[in-house]
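# Inside the fold
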Amino acid sequence: MRGDFFMQKRNKKPKQTRIVSEERKSAGKKSEQKRQMKAVARGCILAAATVLALLCLFAWMMSAGKLPLWAGKAVGLAVGCIAAAAAAFFCARYSGKNGFVLGFICAAILFCLAFFLSLAMGDTPQMWAAVKLFSMLICGCVFGSVGVNMKKRG
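What comes next is a walk through the structure. (Residues numbered from 1 in each chain as written. Predicted model: local features only at pLDDT ≥ 70, side-chain atom pairs only at ≥ 80, totals over all residues. Heavy atoms only, no water.)

## Regarding the packing of aromatic side chains
Overall, the coordinates contain three aromatic pairs when judged by the stated rule. Between F89 and F90 the ring centres are 5.1 Å apart and the planes differ by 90 degrees, which places this aromatic pair in the edge-to-face class. Relative accessible area serves as the criterion here: at 18%, F89 is assigned to the buried category. Relative to F115, the ring of F111 lies with its centre 5.6 Å away and its plane at 20 degrees, an arrangement referred to as stacked. Here F111 and its partner F115 are both found in helix α4 (residues 99-120), four residues apart, which amounts to about one turn of the helix. Put simply, the rings of F111, F115 and F116 pair up and form one aromatic cluster. (Phe/Tyr/Trp six-rings, centres within 6.5 Å; stacked < 30°, edge-to-face > 60°. Buried < 20%, exposed > 50% of the residue type's maximum accessible area, 1.4 Å probe, protein only. Helix = DSSP H or I, 4+ residues; strand = E, 2+ residues; numbered from the N terminus.)

## Points about the packing of helix α3 (residues 72-95) against helix α5 (residues 127-149)
One way to put it is that α3 packs onto α5 with a least axis distance of 7 Å and a crossing angle of 30 degrees. Compared by their axis directions, α3 and α5 come out roughly parallel. Relative to α5, the crossing made by α3 is right-handed. Where α3 approaches α5, its residues K73, A74, G76, L77, G80, C81, A84, A85, A88, F89, A92 and R93 are matched on the opposing element by W128, V131, K132, S135, M136, C139, G140, F143, G144, V146, G147 and V148. Tallied by class, residues from the contact of α3 with α5 come to 15 nonpolar, six polar and three charged. (Axes fitted to C-alpha atoms, helices over the stretch in contact; angles between N-to-C directions. Parallel < 35°, antiparallel > 145°, perpendicular 65-115°, else oblique. Left-handed = near helix turned anticlockwise from the far one by under 90°. Contact = heavy atoms within 4.5 Å. Nonpolar A, V, L, I, M, F, W, Y, C, P; charged D, E, K, R; others polar.)

This is the structure we're talking about:
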């Protein structure tokens, strides 16, 4: 009986350890970065569609007289915040991690696009741009965190 125990130990194959090379580690990091860039791109594209729909809605409301013309800046702020929130939420849902950072990045990209478009149209920068920037960044960070922490239904 004692001989069987030692024979089993001796015939056992050694565990194969998986050696991960530096190339495989860097390839994994690159694929993760690529996945996150795709998530940011998808979030920003979704936000562009959201902005288009909201601006059409608010333009119709203003032309119909249901929304006063003096509310234009507040409407722009609301549209920017909703777009940043939508981009961050869906970016974080697609990525599955780093919701706060990805939400911040999405909101920053959207603000830069809006800011440079307004400069190209001849507007001058004002303090309202800073208010819009911080509002969009806060919305992006909050909704990015919410999006990554929501449990999937199923």
